[in-house]
Amino acid sequence: MNDQTVAPIEPSETTSLKTESYLHFNPERIDFALSEYEFDQLIEGGFGKYKDFCLVCIGLGVPCAINAFIETRKVNYASSLEFTINFVVATVTLLIGAFSAFQWYRDSKRRKTLERKVRDKPKVKLG
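Presented here is an overview of the structure given in this document. (Residues numbered from 1 in each chain as written. Predicted model: local features only at pLDDT ≥ 70, side-chain atom pairs only at ≥ 80, totals over all residues. Heavy atoms only, no water.)

Taking 1.5 Å of rise per residue, 39 residues should cover 57 Å, and helix 4 (residues 81-119) covers 56 Å from first to last C-alpha, within 8% of that figure. Where helix 4 is concerned, the buried positions are Phe83, Asn86, Ala90, Thr93, Gly97, Ser100, Gln103, Ser108, Leu114 and Val118. (Helix = DSSP H or I, 4+ residues; strand = E, 2+ residues; numbered from the N terminus. Expected span 1.5 Å × (residues − 1). Buried < 20%, exposed > 50% of the residue type's maximum accessible area, 1.4 Å probe, protein only.)

On inspection of all chains with the given rule, the structure shows 1 salt bridge. For arginine 110, the salt bridge goes to aspartate 107, with nearest N and O atoms at 3.0 Å. In this pair, arginine 110 and aspartate 107 are both assigned in helix 4, 3 residues apart and thus about one turn of the helix distant. What makes arginine 110 partly exposed here is its relative accessible area of 42%. (Salt bridge = Lys/Arg side-chain N within 4 Å of Asp/Glu carboxyl O.)

Taken as a whole and judged by the stated rule, the model has 1 aromatic pair. Taken together, a centroid distance of 5.8 Å and an interplanar angle of 20° make the contact between phenylalanine 83 and phenylalanine 87 stacked. Here phenylalanine 83 pairs with phenylalanine 87, and both are found in helix 4, just 4 residues apart, close to one helical turn. For phenylalanine 87, a relative accessible area of 46% puts it in the partly exposed group. (Phe/Tyr/Trp six-rings, centres within 6.5 Å; stacked < 30°, edge-to-face > 60°.)

Let's shift gears to the packing of helix 3 (residues 49-72) against helix 4. Here helix 3 crosses helix 4 at 150°, and the two axes come no closer than 7 Å. It follows that helix 3 is roughly antiparallel to helix 4 by the angle criterion. Every pair of crossing elements has a handedness; the one defined by helix 3 and helix 4 is left-handed. By residue class, the composition of the contact of helix 3 with helix 4 is 18 nonpolar, 8 polar and 4 charged. (Axes fitted to C-alpha atoms, helices over the stretch in contact; angles between N-to-C directions. Parallel < 35°, antiparallel > 145°, perpendicular 65-115°, else oblique. Left-handed = near helix turned anticlockwise from the far one by under 90°. Nonpolar A, V, L, I, M, F, W, Y, C, P; charged D, E, K, R; others polar.)

With that out of the way, let us pick up the environment of isoleucine 58. On the secondary structure map, isoleucine 58 appears in helix 3. C-alpha of isoleucine 58 to C-alpha of alanine 98: the two residues are 40 residues apart in sequence and 8.3 Å apart in space. What isoleucine 58 contacts, discounting residues up to four positions off in sequence, is Pro63 and Leu94. (Contact = heavy atoms within 4.5 Å.)

Let's shift gears to the side chain of threonine 93. Mapped onto the secondary structure, threonine 93 falls in helix 4. Judged by relative accessible area, which is 10%, threonine 93 ranks as buried. In terms of polar contacts, threonine 93 uses its side chain to reach the backbone carbonyl oxygen of alanine 90, at 3.4 Å. Setting aside anything within four residues of it in sequence, one finds threonine 93 in contact with Cys57, Leu60 and Gly61. (Polar contact = N/O pair within 3.5 Å; in protein donor to acceptor, adjacent residues only side chain to side chain.)

A few words now on helix 3. Along an α-helix, a turn takes 3.6 residues, which lines up residues three or four apart on a common side. With 24 residues, helix 3 extends 35 Å from end C-alpha to end C-alpha; this agrees with the ideal 34 Å at 1.5 Å per step. Of the positions making up helix 3, those classed as buried are Cys54, Cys57, Gly61, Cys64, Ala68 and Glu71. Looking at the packing, one finds that the buried side of helix 3 touches helix 4.

What follows deals with a nonpolar patch on the surface. A surface patch of nonpolar side chains, amounting to about 500 Å² of accessible area, comprises Ile58, Val62, Ile66, Phe69, Ile70 and Leu94. When residues in the nonpolar patch are grouped by element, the largest group, 5 residues, is from helix 3. The residue valine 62 is located in helix 3 in this model. For valine 62, a relative accessible area of 37% gives the class partly exposed. (Patch = residues over 30% accessible without salt bridge, like charges linked within 9 Å, V, L, I, M, F, W, Y side chains within 5 Å. Areas by Shrake-Rupley, 256 points an atom, 1.4 Å probe, with all protein chains shown as cover.)

If you want it as structure tokens, here you go:
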């Protein structure tokens, strides 16, 4: 056996061992303070659900519209099920796509207005 014994550490010794924390920052960087509402609005605006829906609808509507147009240019054109389906799908998806594009534009405008408000807040000098 080893004759060395370990002395117990007193509570006063552990409190004197303080860890130091540092915050690294770039003094040339500009930081903005946001309220909870502003933060939520910026996060929500980043998802772009109307943009995605608009692009899907246009991607589906345009080929259907082209197919319906080509169907009407046939020499012996008679209204067919193919034309009707292409025309209905093109009309519905392009209308929904136009509505989504309008909503996408409104959301983009709202987000830019919010960004402008955050940037125009009065500056507070730190330190």
